[in-house]
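Coordinate inspection notes
For reference, the chains in residue letters:
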Amino acid sequence: MPMKLFKCDETIPEREKHIYIKEKGEDTTQFLPSAHVETIPGSLSERGCSYCGAKLVIGGVLKDTIQLIHGPVGCAYDTWHTKRYPSDNGNFQLKYVWSSDMKEQHVVFGGEKLLKKAMLEAFAEFPDIKRMMVYTTCSTALIGDDIKPVVKEVEKELGDVDIFTVECPGFAGVSQSKGHHVFNMGWMTDKVGTYEPEITSPYTINVIGDYNIQGDTFVMEKYMEKMGVQIIAHFTGNGTYDSLRGMHRAQLNVTNCARSAGYIANELKKKYGIPRIDVDTWGFDYAKEGLRKIGAFFGIEDRAEAVIAEEVAKYESKLEWYKERLTGKKVCIWTGGPRLWHWTKALEDDLGMHVVAMSSKFGHQEDFEKVIARGEEGTIYIDDGNELEFFEVLEMVKPDLVLTGPRVGALVKKLHLPYVNGHGYHNGPYMGFEGAVNMARDMYNAIYSPLMKLAKDDIRGEQIKTVIPEEKRKFKESKVQQSKSVDITSTEAMSTAVNYAAVESSKVDTQPLLITDNQPLLQDNEVQQSKSIDITSTEAMSTAVNYAAVESSKVDTQPLLIPDNQPLPQRPQIGGKFSAFLEQLPKYLGSFSTEYQLPIICFATIITATIAVKIILAVLDVINEIPQLNLVFELTGIGYLIWFVFRYLFKASTRQELAAQISFIQKEIVHGQD
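Notes on the structure follow. (Residues numbered from 1 in each chain as written. Predicted model: local features only at pLDDT ≥ 70, side-chain atom pairs only at ≥ 80, totals over all residues. Heavy atoms only, no water.)

Description of the overall build of the chain
Check the secondary structure of the chain and you find 27 helices and 14 strands. For the chain, with 674 residues in total, the buried portion stands at 43%. For the chain, restricting intrachain contacts to residue pairs at least 6 apart in sequence, the fraction spanning at least 24 positions comes to 73%. Of the roughly 36100 Å² that the chain leaves accessible, carbon and sulfur atoms contribute 57%. (Helix = DSSP H or I, 4+ residues; strand = E, 2+ residues; numbered from the N terminus. Buried < 20%, exposed > 50% of the residue type's maximum accessible area, 1.4 Å probe, protein only. Contact = heavy atoms within 4.5 Å. Areas by Shrake-Rupley, 256 points an atom, 1.4 Å probe, with all protein chains shown as cover.)

This is how it looks when you write it as structure tokens:
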């Protein structure tokens with residue numbers, strides 16, 4: 001049975017349906033891993049949420065659009081600046097992200113007013129930006145905030161703005177693929193056909209499913225410009241909001257990532273009759289095939305061949321250099337979805353590598369059907385792989401390299417295996433002819449870098465000599481000679497010295513010191529053998545005491561052993577201690593004030609308040625002595641009370657006004673904001 005249950009999955013046997021090992025002569029369509037289903041409880045899934053699929057993968061790539069996330073600020077922060085999607089307008093989309101910043105009070109009382117306020121503030125702060133996308137999150141979907149009426153209010157109030165709503169909270173689907181689908185279908189329904197683009201070429205296309213990772217889109221733009229083909233819209237790498245509204249005017253949809261953008265390509269074909277072709281743009285052979293497909297559609301095959309010839313002449317020799325060094329290397333591809341079948345044949349055919357394991361986070365069954373058809377026998381295919389499965393696979397296949405994202409890559413590096421970032425690339429672009437060379441270069445650098453080998457070598461083996469450096473040996477010998485002049489007459493002192501020497505000699509055996517091979521070995525063998533020697537002679541005791549004296553010299557204090565007839569100097573000690581205390585006094589005071597800062601502040605506050613109360617009472621006593629002043633104060637208070645009642649309490653409208661002011665003051669005190 002080709003379906004595989006890993007040892008780490010024995011407690012969740014359902015995982016067997018998600019893992020397949022390709023065997024010879026099998027009908028692979030009968031053994032497709034289960035995919036695009038809910039994650040099994042207990043499995044450490046690497047999937048992203050549906051909201052992430054809509055915002056991070058597709059919408060957030062647009063270069064001229066405010067991306068406003070209606071929810072807690074974490075949902076905005078965690079999908080901001082995490083992928084390398086550059087643009088030719090100064091990378092606006094990488095620099096900024098917006099959030100309504102919902103708090104607990106908004107979850108309880110609703111966040112629609114907060115959303116409107118955030119939208120108006122965003123447009124006011126960026127007056128040149130007239131386009132916005134608003135995303136719901138788990139929090140706003142759970143409480144039922146209706147964002148579309150709020151969007152209509154803002155559009156009506158500002159007049160010259162256009163806003164797209166994406167209602168796809170994180171829990172909406174089993175993976176980020178749900179966010180792809182919701183964004184595609186929503187854009188097709190609400191925005192496509194609402195803008196007329198300028199046509200400058202008889203050949204027009206939409207490039208769908210390319211997100212300009214480290215400049216991939218720029219490579220495709222260069223090829224199309226040389227062929228005389230106009231790109232109406234990029235969905236969505238280096239794309240603009242309005243260009244996507246004009247997608248209905250293209251003659252052909254060129255789909256690169258069928259998983260994230262195939263939905264809108266199909267809808268454009270249904271509604272506007274625009275045909276679709278799927279291309280692979282990673283790898284030499286795939287890049288040639290893709291350009292030839294586009295050229296054949298428009299009848300400009302000669303232009304396509306001219307571009308191919310030019311690019312091959314530039315980069316083929318470089319790719320061959322890497323192929324000689326990468327042929328036979330084993331690689332795992334653990335990425336999102338379509339990268340599996342985009343890269344498999346490219347690595348095997350162009351570079352002679354062997355793809356030995358693949359894992360998809362959000363791929364569907366048709367994605368596995370493609371990649372299994374392209375893969376080699378014995379390759380492992382995993383849907384929604386988890387960390388424990390990855391560790392077990394690495395032990396099984398022992399790859400030379402892993403293509404994956406930073407999360408799994410961090411785990412792989414701990415096993416001293418090189419990895420290349422398959423989500424954001426290391427040094428892209430990876431698309432097209434030059435991209436194939438860039439990718440080969442990054443894999444070569446990762447595999448042949450000595451860092452991983454150095455990291456996994458254990459330098460604590462027996463082949464390293466445990467000797468003392470020459471400098472330390474000479475230092476010890478000099479100290480031993482000096483210590484012979486110490487007159488030791490106390491039996492207790494000698495016993496202490498012998499015990500200390502025995503302890504220190506045990507440290508030499510257990511804590512080796514490293515030196516270079518050309519340094520001499522330790523000659524004092526009696527120190528190494530001190531554990532087994534019965535110290536009964538005066539000479540042995542003298543040796544032990546001398547060693548103890550040497551070891552005591554490591555500490556910057558007085559010698560450990562003092563002759564009994566040598567009194568300690570008392571006065572210099574007292575003076576030194578007092579001087580040291582004065583020197584450390586500022587430090588003591590500083591640490592005291594830091595440690596007891598709160599009690600000191602409280603005590604000072606109580607003293608200050610007591611003095612203030614005394615002063616106020618004294619002033620009041622003086623005022624009370626003034627004739628008729630009490631009557632004036634009483635009349636003033638009565639008059640203010642009558643005014644307050646007539647001003648705020650007689651009418652319902654004034655009572656509401658009073659309540660609003662009290663609430664405002666309360667928020668100012670508690671929260672520091674309105």
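Some words on the pattern of salt bridges
Taken as a whole and judged by the stated rule, the model has 31 salt bridges. Residue Lys222 pairs with Glu434 through a salt bridge whose shortest N-O separation is 2.7 Å. Taken together, the residues span a long stretch of sequence, with Lys222 in helix 9 (residues 216–227) and Glu434 in helix 18 (residues 432–448) at a distance of 212 residues. On the basis of relative accessibility, which here comes to 26%, the residue Lys222 falls in the partly exposed class. For Asp278, the salt bridge is made with Arg276, and the minimal N-O distance between the two is 2.8 Å. Judged by its relative accessible area of 31%, Asp278 is partly exposed. (Salt bridge = Lys/Arg side-chain N within 4 Å of Asp/Glu carboxyl O.)

Here's the deal with the pairing of strand 4 (residues 131–136)
For a regular strand, side-chain orientation follows a simple rule: the groups alternate between the two sheet faces. With 6 of its 6 residues buried, strand 4 lies for the most part within the structure. Every second residue of strand 4 is oriented toward a common face, with Arg131, Met133 and Tyr135 on one face and Met132, Val134 and Thr136 on the other, all of them buried. Across 5 bridges, strand 4 lies against strand 5 (residues 162–166) in parallel orientation. Residue Val134 lies in a different strand from strand 5, and its bridge partner there is Thr165. (Pairing = 2+ DSSP bridges.)

Description of the packing of aromatic side chains
Enumeration according to the criterion identifies 30 aromatic pairs in this entry. The structure contains a cluster of three or more aromatic residues connected by ring pairs, namely Phe164, Phe183, Trp187, Phe235 and Tyr241. Positioned above the aromatic ring of Trp321, the side-chain terminus of Arg325 is 3.6 Å from the ring centre. Here the guanidinium or amino end of Arg647 rests over the ring plane of Tyr648, the centre of that ring lying 4.5 Å away. (Phe/Tyr/Trp six-rings, centres within 6.5 Å; stacked < 30°, edge-to-face > 60°. Lys NZ or Arg CZ within 6 Å of the ring centre and 35° of its normal.)

Things to note about the pairing of strand 11 (residues 354–360)
The element strand 11 is largely enclosed, with a buried count of 6 among its 7 residues. In this fold, strand 10 (residues 330–335) hands off to helix 14 (residues 339–351), which returns the chain to strand 11; that crossover is right-handed. Sheet topology note: the strand 11/strand 12 (residues 380–383) ladder contains 4 bridges and is parallel. In the sheet register, Ser360 faces strand 12, and the bridge partner there is Asp383. This β-α-β element, strand 11 to helix 15 (residues 365–374) to strand 12, shows right-handed connectivity. (Right-handed = clockwise from strand over helix to strand, strands pointing away.)

Focus on the sheet that holds strand 5
Pairing is parallel in the open sheet, where 4 strands are placed in the order 3-2-4-5. Of all strands in the sheet, those bounded by a partner on one side alone are strand 3 (98–99) and strand 5. Summarising the sheet, strand 2 (residues 66–70) and strand 3 pair through 2 bridges and their orientation is parallel. Pairing of Ile69 across the sheet is with Ser99, part of strand 3. The strands touched by helix 7 (residues 147–158) are strand 2, strand 4 and strand 5; relative to strand 5, the strand with the most contacts, the crossing angle is about 175°. (Axes fitted to C-alpha atoms, helices over the stretch in contact; angles between N-to-C directions.)

Examining the packing of helix 9 against helix 12 (residues 284–298)
Between helix 9 and helix 12, the shortest axis-to-axis distance is 12 Å and the interhelical angle comes to 35°. The handedness of the crossing between helix 9 and helix 12 comes out as right-handed. Only Leu291, Ile294 and Gly295 of helix 12 make contact with helix 9, whose side of the interface consists of Tyr223, Met224 and Met227. Among the residues forming the contact of helix 9 with helix 12, the class breakdown is 5 nonpolar, 1 polar and no charged. (Left-handed = near helix turned anticlockwise from the far one by under 90°. Nonpolar A, V, L, I, M, F, W, Y, C, P; charged D, E, K, R; others polar.)

Things to note about the sheet that holds strand 1 (residues 19–21)
Across the sheet, which stays open at both edges, the 6 strands sit in the order 1-12-11-10-13-14 with mixed pairing between neighbours. A strand with exactly one partner marks an edge of an open sheet, and here the two such strands are strand 1 and strand 14 (419–421). With direction set aside, neighbouring strand axes in the sheet form an average angle of 15°. Each of strand 13 (401–404) and strand 14 touches helix 18; the most contacted strand, strand 13, lies at about 130° to it.

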